[in-house]
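Structural overview for review
Chain residues, written in single-letter form:
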Amino acid sequence: GRTYLRNALEAKKPGLGFWCTLPGAATVSTVLSTGGFNWTLLDAEHGAISDKDYFDLSLAVTAAGASPIIRVPWNEEWMIKRALDAGAHGVMTPMCHNADDARKVVSYCKYPPIGTRGYGPMFCPPMFNVKGSVYDAQADDKLLVIVQIESRKGIENVEEIAKVPGLDVLFIGPFDLAKQMQVPFGGEEHEGAIAKTLKAAHAAGKTAAIFCSNGEIAKKRLEQGFDMVSIAVDSACLAAEMERQMSFVTGV
Ligand code: 3PY
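Now for a quick tour of the structure. (Residues numbered from 1 in each chain as written. Predicted model: local features only at pLDDT ≥ 70, side-chain atom pairs only at ≥ 80, totals over all residues. Heavy atoms only, no water.)

Focus: the nonpolar core
Keep this limit in mind: By nonpolar core we mean a set of buried residues, namely Ala, Val, Leu, Ile, Met, Phe, Trp, Tyr and Cys, connected to one another through side-chain atoms within 4.5 Å. Only protein chains enter the accessibility calculation, which uses a 1.4 Å probe; a residue whose area is less than 20% of its type maximum is buried, one above 50% is exposed, and one in between is partly exposed. Each helix is a run of H or I in the DSSP string that is no shorter than four residues. Each strand is a run of E no shorter than two, and both are numbered from the N terminus. Note on definitions: a residue-residue contact is assigned when non-hydrogen atoms from the two residues lie within 4.5 Å.
Among the nonpolar cores identified, the biggest contains 62 residues, and Y54, V72, I80, Y135, L167 and F226 are the most heavily contacted of them. A total of six residues in this core trace back to one element, the largest contributor, which is helix α5 (residues 99-109). When residues no more than four places from it in sequence are discounted, the contact partners of Y135 are L84, Y111, R117, P121, C124, P125, F128, V130 and L143. Core analysis: the second largest hydrophobic core is formed by 15 residues, L5, L9, F171 and F211 among them.

Have a look at this one:
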């Protein structure tokens, strides 16, 4: 079966991700053909992606050898169900403030008796390249449960959050974190909160992950000890490159 990101993390290899905000299987395939990525975040929180796009995008991601991780708009059972039933290898939820929030996400991601996930994984087996019965048997163990730490409360409660059974990854959203804490991005308090999360994740045996806007930042975070980082965002890459090309012509 295909469990690209989980396999990489278990082998202590870095999780390197493409952050996808634009729908379109051709775009995803083009980006992933450049190589190196083992996960792709399909962003249905802030991106131009909705649940109807999950199916085609997840197929394109898995076909290219990476794990589709879907960031749902909010920590709601029906939103998580739509993402999992489209065959996501993992789900990410925004704004996890405490252990109760994390326990809810875990419950929505796992079938009874562990959780409350509804049954209907018609489109999931191809994303893992397994038969339906194998998917059913392995889903609870293989799917990655990822919560975002990006608020003052989330940082205060990060040790308890990290200890929640069934939670796999603590993923820092540094931009929201700075805004929610109302501290300067990159300042002492902000970096302190990031370091606290890294430590708490590892103390509980969980994956420590963080959003990075570019490869230079991602390299630095990996050197700090993070296990999983984003490398670049499609829409930002397009805008930056278009601006650069135009500058050759306009001189500004
Ligand atoms: C954040 O930095 O707040 C994110 O969630 C990633 O865009």
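Further notes follow.
Some remarks on the packing of helix α4 (residues 77-85) against α5
Keep this limit in mind: Helix axes are fitted to C-alpha atoms over the stretch in contact, other axes to C-alpha atoms as well, and angles between N-to-C directions run from 0 to 180 degrees. Note on angle classes: values under 35 degrees are labelled roughly parallel, values over 145 roughly antiparallel, values of 65 to 115 roughly perpendicular, and the remainder oblique. Crossings are classed by handedness, with left-handed meaning an anticlockwise turn of the near helix from the far one by less than a right angle and right-handed meaning a clockwise turn. Asp, Glu, Lys and Arg are counted as charged, while Ala, Val, Leu, Ile, Met, Phe, Trp, Tyr, Cys and Pro are counted as nonpolar; the rest, among them Gly, fall into the polar class.
Two elements in contact, α4 and α5, have axes whose closest approach is 9 Å; the angle formed by their N-to-C orientations is 45°. Considering their axes alone, α4 and α5 lie oblique with respect to each other. In terms of crossing hand, the pair formed by α4 and α5 is right-handed. Of α5, the residues touching α4 (which contributes E77, I80 and L84) are V105, Y108 and C109. Tallied by class, residues from the contact of α4 with α5 come to five nonpolar, no polar and one charged.

Examining the site of the ligand
Threshold: Working definition: residue near molecule or strand if any one of its non-hydrogen atoms lies within 4 Å of it. Under this definition, polar contacts are N or O atom pairs within 3.5 Å; protein pairs additionally need one hydrogen-donor-capable and one acceptor-capable atom, and for neighbouring residues in sequence, both atoms have to be side-chain atoms. Note on areas: Shrake-Rupley with a 1.4 Å probe; residue coverage comes only from the protein chains shown. Grid spacing is 1 Å over the protein atoms alone, the probe is 1.4 Å, and a cavity is where that probe fits but cannot get out, while a pocket is an open set with protein on both sides within 12 Å along at least five of seven lines and lining residues have an atom within 4 Å of a point. A molecule is said to be in a cavity or pocket once over half of its atoms fall within 2 Å of that pocket's grid points.
Close contacts around the ligand come from R71, Q148, E150, G173, P174, F175, D176 and F211, and that covers them all. In this structure, F175 approaches the ligand through a main-chain N or O atom, which is 2.8 Å from an oxygen atom. In this structure, D176 approaches the ligand through a main-chain N or O atom, which is 2.7 Å from an oxygen atom. Considering the ligand on its own, with 230 Å² of exposed area, one finds that the protein chains cover 90% of that surface. When atom positions are compared with the pocket grids, the ligand is found to occupy the second largest pocket. The leading source of residues in the shell around the ligand is helix α10 (residues 174-181), at three residues.

Focus on empty space enclosed by the protein
What counts is decided by this rule: Grid points are joined across faces, edges and corners, and a volume is the space filled by probe spheres set on the points.
Applying the stated rule across the entire model yields one cavity of 30 Å³ or more. In this structure, the largest cavity spans a volume of roughly 30 Å³. For the largest cavity, the full set of lining residues is T3, Y4, L5, R6, S67, H89, F128, K142 and L144. With three residues, the top contributor of residues to the lining of the largest cavity is helix α1 (residues 4-10). For the lining of the largest cavity, the residue count by class is four nonpolar, three polar and two charged.

A few points about the pairing of strand β1 (residues 15-20)
Formally: Note on pairing: two strands pair once DSSP finds at least 2 bridges between them. For the handedness criterion, the strands are oriented away from the viewer, and a crossover whose path from the first strand over the helix to the second runs clockwise is classed as right-handed.
The element β1 is largely enclosed, with a buried count of five among its six residues. Summarising the sheet, β1 and strand β8 (residues 228-233) pair through five bridges and their orientation is parallel. Bridge pairing links F18 to A232 in β8. Each parallel crossover has a hand, and for β1 linked through helix α2 (residues 25-32) to strand β2 (residues 39-43) it is right-handed.

Some thoughts on unusual backbone geometry
In the segment running from P112 into P113, the intervening peptide bond is cis, with an omega of 10°. On the secondary structure map, P113 appears in the loop between α5 and α6 (125-128). With a phi close to 60°, K12 is a non-glycine residue in the positive phi region. By secondary structure assignment, the location of K12 is in the loop between α1 and β1. Judged by its relative accessible area of 76%, K12 falls in the exposed class. The backbone phi angle of Q182 is positive, close to 55°, even though this residue is not glycine. Residue position: Q182 is located in the loop between α10 and α11 (188-203). Judged by its relative accessible area of 71%, Q182 is exposed.

Considerations on the layout of surface pockets
Here the largest pocket is characterised by a volume of approximately 340 Å³. Residue lining of the largest pocket: 16 residues in total, with L9, K12, K206, T207 and D227 positioned closest to the centre. The element contributing the most residues to the lining of the largest pocket is α1, with three residues. Here the lining of the largest pocket is built from residues that sort into six nonpolar, three polar and seven charged. When its volume is computed, the second largest pocket comes out at roughly 210 Å³. Surrounding the second largest pocket, 13 residues form its lining, W19, H46, R71, F175 and D176 being those nearest its centre. At three residues, α10 tops the list of elements feeding residues into the lining of the second largest pocket.

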